[in-house]
Amino acid sequence: MPGSVSDSYDPEYGTADNCEAIGDAMIEICDKLGEFLGERQNIIQTVHGKGGPLRAVTLTERQWRVIRFGLERANKTI
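Let us look at the structure shown here. Every chain's residues receive numbers from 1 upward, in the order its sequence appears when written. Per-residue local features are limited, in this predicted model, to residues with pLDDT of at least 70; the limit for side-chain atom pairs, both in listing and counting, is 80 or more; totals at the level of whole chains, interfaces and linings are taken over all residues. Note: side-chain values were computed over all heavy atoms of the structure, leaving out hydrogens and water.

### Quick notes on a nonpolar patch on the surface
Then comes step 1: Every patch collects residues that have over 30% relative accessible area and no salt bridge, joining them within 9 Å if they carry like charges and within 5 Å if they are nonpolar side chains (Val, Leu, Ile, Met, Phe, Trp, Tyr). Method for areas: the Shrake-Rupley scheme with a 1.4 Å probe, in which residue coverage is limited to the protein chains shown. Here a salt bridge means any side-chain nitrogen of Lys or Arg lying within 4 Å of a carboxyl oxygen belonging to Asp or Glu. Together, Ile43, Ile44 and Val47 give the surface a local cluster of nonpolar side chains, amounting to about 320 Å² of exposed area.
Then comes step 2: Secondary structure elements follow DSSP: runs of H or I no shorter than four residues count as helices, runs of E no shorter than two count as strands, and numbering proceeds from the N terminus. Assignment of secondary structure puts Ile43 in helix α2 (residues 43-48).
Then comes step 3: Note on classification: 1.4 Å probe, protein chains only; a residue is buried when its accessible area is under 20% of the maximum for its type, exposed when over 50%, partly exposed between these limits. Here Ile43 falls in the exposed class, since its relative accessible area comes to 57%.

Structure representation (structure tokens):
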């Protein structure tokens, strides 16, 4: 029988010990997107604004999967 599960256990990524690695991966992608997009804009104005020009950025499958994880998590907190 396994031991007790910590309060910080998450079924998707395990224990809080893995949070740093996930956070580092997300920061890496945010930095790349920040270079690509430039200055931050107000999210409400962005959501209600026009789409803007179509721009392509190349990301690895790993990066896309980290983005999806982050977006799904963010959506659960809204």
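### Examining helix α3 (residues 61-77)
Then comes step 1: Expected span, for any helix, means 1.5 Å times one less than how many residues it has. Counted at 1.5 Å a residue, the expected span for α3 with its 17 residues is 24 Å, and the 25 Å between its end C-alpha atoms agrees.
Then comes step 2: Taken residue by residue, α3 has Gln63, Val66, Ile67, Phe69 and Gly70 as its buried positions. Take α3 and look down its axis: the buried residues cluster within an arc of 160 degrees, on one side only. When the buried face of α3 is taken as reference, the exposed residues oriented beyond 90 degrees from it are Glu61, Leu71, Asn75 and Lys76.
Then comes step 3: Contacts are assigned to residue pairs that have any heavy atoms within 4.5 Å of one another. Looking at the buried residues of α3, the elements they touch are α1 (19-37). Arc definition: directions from the helix axis to the C-beta atoms.

### A closer look at the packing of α1 against α3
Then comes step 1: Every axis corresponds to a line fitted to the C-alpha atoms, with the helix fit spanning only the stretch in contact, and the corresponding angles, defined between N-to-C directions, vary from 0 to 180 degrees. One way to put it is that α1 packs onto α3 with a least axis distance of 10 Å and a crossing angle of 105 degrees. Between α1 and α3, the interaxial angle falls into the category roughly perpendicular. On α3, the residues that touch Ile22, Ala25, Met26, Glu28, Ile29 and Lys32 of α1 are Arg62, Gln63, Val66, Ile67, Phe69 and Gly70.
Then comes step 2: When residues are sorted by character, Ala, Val, Leu, Ile, Met, Phe, Trp, Tyr, Cys and Pro go into the nonpolar class, Asp, Glu, Lys and Arg into the charged class, and all the rest, Gly among them, into the polar class. A breakdown of the residues in the contact of α1 with α3 according to their chemical character gives 7 nonpolar, 2 polar and 3 charged. The cut-offs work like this: below 35 degrees is roughly parallel, past 145 is roughly antiparallel, 65 to 115 is roughly perpendicular, and the gaps in between are oblique.

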